[in-house]
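Structural description and commentary
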Amino acid sequence: DVKVTQSSRYLVKRTGEKVFLECVQDMDHENMFWYRQDPGLGLRLIYFSYDVKMKEKGDIPEGYSVSREKKERFSLILESASTNQTSMYLCASSSVRERREMVYEQFFGPGTRLTVL
Amino acid sequence: AQSVTQLGSHVSVSEGALVLLRCNYSSSVPPYLFWYVQYPNQGLQLLLKYTSAATLVKGINGFEAEFKKSETSFHLTKPSAHMSDAAEYFCAVSEGNPGGYQKVTFGIGTKLQVIP
């Protein structure tokens, strides 16, 4: 059974703190993604990675950075947390091996609800 | 550029009634289309996907969706709602990228309420 896990379900941090959100997948997927989910805005892509040590900015990368040192792990970093980063953060992964259809289903973790005070 | 519009951020149906969640897309190339479901306090789970094969796609839990190119729509339906269907549903579109990363654009979501 495919699995994407996230290090915390709930997290409370203070403004200015450095925050690490960890994501691990056990499916040997090449692609990994970080989204934030806000009411009325759906899912917005922050960063993605298509290989170890490779990263690309998504639609809303400001205030975030990422790290992918190992294939199975993708970390999201908030360098200096701010209240407007209070949100639900979702990690996902997908494979590029379904080349025939070129359709890459994304598998999601349970999410981390981050509150910045 | 690809985009998705979900009509209705909240939909209420009675138990046993038809479920219809609307999704319209915009894409410059033939798209791949998805419906995901999110139950409370969980991540997203794939319900079904359109991959340019059959236009009527069947998914899990009795859901299905029909791709209509002329209407640029991919509406999700279920003949008879069950209480366990109460969740948030996301439509998503991807234009694909042969051999590379495929960006997925999600709609804002529709919360389905099922009334006993």
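Before reading further, recall that the structure is shown in the block above.
Residues numbered from 1 in each chain as written. Chains lettered and ligands numbered in written order. Predicted model: local features only at pLDDT ≥ 70, side-chain atom pairs only at ≥ 80, totals over all residues. Heavy atoms only, no water.

1. Thoughts on the overall build of chain A
Which entries qualify depends on this criterion: Secondary structure elements are taken from DSSP: a helix is a run of H or I of four residues or more, a strand is a run of E of two residues or more, and numbering for both begins at the N terminus. Whether two residues are in contact is decided by their heavy atoms, any of which lying within 4.5 Å being enough. The Shrake-Rupley method, run with a 1.4 Å probe sphere, supplies the accessible areas, and residue values consider only the shown protein chains as cover. Positive charge is attributed to Lys and Arg, negative charge to Asp and Glu, and no charge count is given to His or to the chain ends. Here the site of a charge means atom NZ of a Lys, CZ of an Arg, CG of an Asp or CD of a Glu.
Counting its regular elements, chain A contains zero helices and 11 strands. Reading the helices (α) and strands (β) of chain A from amino to carboxyl end gives β-β-β-β-β-β-β-β-β-β-β. In terms of its C-alpha atoms, chain A occupies a principal-axis envelope of roughly 45 × 30 × 25 Å. Of all intrachain contacts in chain A linking residues separated by at least 6 positions in sequence, the fraction that spans at least 24 positions is 57%. Counting every atom, chain A has about 5700 Å² of accessible surface; 50% of that belongs to carbon and sulfur. The distance from the centre of the 18 positive side-chain charges to the centre of the 17 negative ones in chain A is 4 Å.

2. Description of the sheet that holds strand β3 (residues 19–26) of chain B
Paired through backbone hydrogen bonds, the strands of a sheet run either parallel or antiparallel to each other. Residue and element names in this part refer to chain B. Heads up, the condition is: Two strands qualify as a pair provided DSSP detects at least 2 bridges between them. Axes here mean lines fitted to C-alpha atoms, for a helix over just the part in contact, with angles spanning 0 to 180 degrees between N-to-C directions.
The antiparallel open sheet is built from five strands, whose spatial order is β1-β3-β8-β7-β6. The strands lining the two open edges of the sheet, one partner per strand, are β1 (3–7) and β6 (56–58). Averaged over all pairs of adjacent strands, the angle between their axes in this sheet comes to 20°, without regard to strand direction. Pairing of β1 with β3, which is carried by five bridges, proceeds in the antiparallel orientation. Residue pairing in the sheet places Val-4 in a bridge with Tyr-25 of β3.

3. Side note on the pattern of salt bridges
Just so we agree on the cut-off: Here, a salt bridge means any side-chain nitrogen of Lys or Arg that lies within 4 Å of a carboxyl oxygen of Asp or Glu. Partly exposed describes any residue whose relative accessible area lies between the buried limit of under 20% and the exposed limit of over 50%, with all areas from a 1.4 Å probe on protein chains only and scaled to the type maximum.
Tallied over the entire structure, the rule returns eight salt bridges over all chains. Residue A:Lys53 pairs with A:Glu69 through a salt bridge whose shortest N-O separation is 2.4 Å. Here A:Lys53 is found in the loop between β5 (42–51) and β6 (54–57), whereas its partner A:Glu69 is found in strand β7 (residues 64–70), with 16 residues between them in sequence. Of the charged contacts, one joins B:Lys58 and B:Glu64 as a salt bridge, the two residues approaching to 2.8 Å between their closest N and O atoms. Judged by its relative accessible area of 62%, B:Lys58 is exposed. Bridged by salt links that share partners, the residues A:Arg36, A:Asp38 and A:Arg44 form one connected network.

4. Quick word on the environment of B:Lys49
Locating B:Lys49 in the fold gives a position in strand β5 (residues 44–50). Here the alpha-carbon distance between B:Lys49 and B:Phe74, two residues 25 residues apart in the chain, equals 9.9 Å.

5. What about the sheet that holds strand β1 (residues 4–6) of chain A?
Residues and elements named next belong to chain A. One open sheet accounts for four strands, arranged β1-β3-β8-β7; its pairing is antiparallel. Because the sheet does not close on itself, it has two edges, and the strands there are β1 and β7. Adjacent strand axes in the sheet meet at a mean angle of 20°, parallel and antiparallel pairs treated alike. Relative to strand β8 (residues 73–78), β7 runs antiparallel, the two sharing five bridges.

6. Focus on the state of the cysteines
Residues and elements named next belong to chain A. Quick reminder of the rule: Cysteine sulfur atoms are paired as a disulfide whenever they fall within 2.5 Å.
Taken as a whole and judged by the stated rule, the model has two disulfides over all chains. A sulfur-sulfur distance of 1.9 Å marks the disulfide that ties Cys-23 to Cys-91. Classification of the bridge connecting Cys-23 and Cys-91 rests on its S-S torsion, roughly -75°, and on that basis the disulfide is left-handed. In this pair, Cys-23 is assigned in strand β3 (residues 19–25) and Cys-91 in strand β9 (residues 87–94), connecting sequence segments 68 residues apart.

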